[in-house]
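An overview of the molecular structure
One-letter residues, chain by chain:
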Amino acid sequence: MLLDNQTEQESAAKAEGHTDLFAKCHTDGGYFGKMRVMGDDEYTRPVLPPNPNRHMQFKGKEHIMWSVNNYLGLANHPDVLKVAHDTIDEFGVSSPMGSRMMSGNTDYHLSFERELAEHAEKEASFLFNYGYMGVIGTIQSLVGKDDTVVMDKLDHACIVDGAFQAQALNGAQLRIFKHNNMDNLEQVLKRVNRDRTGGVMIVTEGVYGMTGDLAPLADIAVLARKYDARIFIDDAHGWGTMGPEGKGTAAHFGVQDEIDIYFGTFAKSFASIGGFSASDKAVTDWIAYNARTQVFAKSLPMVYVQTLRKTFELVKAGEDRRTKMWARSNELKNGLKELGFYVGPGESMICSVFVPLGED
Ligand SMILES: Cc1ncc(COP(=O)(O)O)c(C=O)c1O
């Protein structure tokens, strides 16, 4: 729907018979367009207090905060804050300057990458500034002209965008299989192999962030080996929460060694920012040299590298925190079910509540 507050330039463009680039900005189109036009600040872009507490003030009222990613309660842990202060005293807030490729590589980044790789049971790992950028960069760097990305239908936007980048920049092929449907995955892989000339990357999440179910990684591994494909798991939600020492969803299923590239973000159980890909050394080096989202971006700042390393210690030793997380999650799921809500069947700590779509 076109709204009536157009600029002169847009009106002129219309008179010329074409559309101005900004004309769409005066419509209720785009993501959450109706909300944007209404000036909604309740469901979209609400202004909230920055501290990730259990309770918050919103529009003058006390509320329970449901929407922070702080699975293990590690946000603002005093040991992490202490490291943050010490690191800022030593290095300030700017360092290191530049990208890893040029002037932003340090022993601290490299040591952290070794620690992550060891935990992920891989030879090496590579840090990214955001999980989102890490997934995009990993897919774009590896999936080339003759290659194919095979994605689950419910994969996160960063996987979809990574696949689009591989397609747009490299000419890669994209295929989608029905969510967690192994028969359909097998059909897709068979079809891809019929006239295949390059490699195949199967990409799934470990724990699905929206539905809370787990990818059947053992079955995916069997198919990947049968059809000669590589597996890349975005375990944003499983890293730190699932498996022994929070090693993730593949470790939970006992198939970590079947995963060719394991990916975790620090934005969920670590309650911070950043992410990493872990794999064989040659593959990790390739990613480090070819992932555009990090090659052309400034390196992860020291204050994050050092605080993440401290948080990592707490995550690894956090069995009590994980036990508490599961207890809380089960309590919430059961309570909501008793109240008559439809709670998804997910086997993870994520409590997905499905609501019927309105008429509008
Ligand atoms: C499955 C999945 N992958 C990647 C991301 C992006 O991670 P980050 O917030 O670290 O950029 C998210 C965040 O919502 C996610 O749920």
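The rules behind the values
Residues numbered from 1 in each chain as written. Predicted model: local features only at pLDDT ≥ 70, side-chain atom pairs only at ≥ 80, totals over all residues. Pairing = 2+ DSSP bridges. Helix = DSSP H or I, 4+ residues; strand = E, 2+ residues; numbered from the N terminus. Axes fitted to C-alpha atoms, helices over the stretch in contact; angles between N-to-C directions. Contact = placed C-beta atoms within 7 Å. Domains from an automatic or database assignment. Near = placed C-beta within 6 Å. Nonpolar A, V, L, I, M, F, W, Y, C, P; charged D, E, K, R; others polar. Expected span 1.5 Å × (residues − 1). Buried ≥ 20, exposed ≤ 12 C-beta atoms within 10 Å, placed from the backbone. Left-handed = near helix turned anticlockwise from the far one by under 90°. Parallel < 35°, antiparallel > 145°, perpendicular 65-115°, else oblique.

**A closer look at the sheet that holds strand β7 (residues 230-234)**
Pairing is mixed across the open sheet formed by 7 strands, whose spatial order is β3-β9-β8-β7-β6-β4-β5. Taken across any chain shown, the strands that pair with only one partner, and hence form the sheet edges, are β3 (124-128) and β5 (173-177). Adjacent strand axes in the sheet meet at a mean angle of 20° when their direction is disregarded. Strand direction decides the pairing type here: β3 and strand β9 (residues 275-279), joined by 5 bridges, are antiparallel. The residue of β9 that forms the bridge with Ser125 is Ala278. Against the sheet, helix α4 (residues 107-119) engages β3 and β9, with an angle of about 125° to β3.

**Looking at the domain arrangement of the chain**
Each assigned domain of the chain is listed with its residue range as follows: domain 1 (1-47) and domain 2 (78-316). The C-alpha-based centres of domain 1 and domain 2 are spaced at 36 Å.

**Quick notes on the site of the ligand**
Surrounding the ligand, one finds 13 residues, the nearest of these being Gly131, Tyr132, Ala236, Thr265 and Ala267. By residue number, the principal contributor to the shell around the ligand is helix α5 (residues 131-142), which donates 3 residues. Tallied by class, the residues present in the shell around the ligand amount to 6 nonpolar, 5 polar and 2 charged.

**Things to note about helix α12 (residues 302-316)**
Taking 1.5 Å of rise per residue, 15 residues should cover 21 Å, and α12 covers 21 Å from first to last C-alpha, within 8% of that figure. Taken together, the buried positions of α12 are Met302, Val303, Tyr304, Val305, Gln306, Thr307, Leu308, Thr311 and Val315.

**Digging into the packing of α5 against helix α6 (residues 157-170)**
For the pair α5 and α6, interaxial distance at closest approach is 8 Å and the crossing angle is 35°. Considering only the axes of α5 and α6, their crossing is right-handed. For the pair α5 and α6, contact is made by Gly131, Tyr132, Val135, Ile136, Thr138, Ile139 and Gln140 and by Cys158, Ile159, Asp161, Gly162, Ala163, Gln165, Ala166 and Leu169, respectively.

**Description of α5**
Along its 12 residues, α5 runs 17 Å from first to last C-alpha, staying within 8% of the 16 Å computed at 1.5 Å per residue. Across the 12 residues of α5, 12 count as buried, placing the element largely inside the fold. Along α5, the positions that sit buried rather than exposed are Gly131, Tyr132, Met133, Gly134, Val135, Ile136, Gly137, Thr138, Ile139, Gln140, Ser141 and Leu142.

**A closer look at the packing of helix α7 (residues 182-194) against helix α8 (residues 217-226)**
The interhelical angle for the contact between α7 and α8, taken along N-to-C directions, is 20°, at an axis separation of 11 Å. With respect to α8, the axis of α7 lies roughly parallel. Every pair of crossing elements has a handedness; the one defined by α7 and α8 is right-handed. Across from Met182, Leu185, Glu186 and Leu189 in α7, the residues of α8 making contact are Asp219, Ile220 and Leu223. The class makeup of the residues in the contact of α7 with α8 is 5 nonpolar, no polar and 2 charged.

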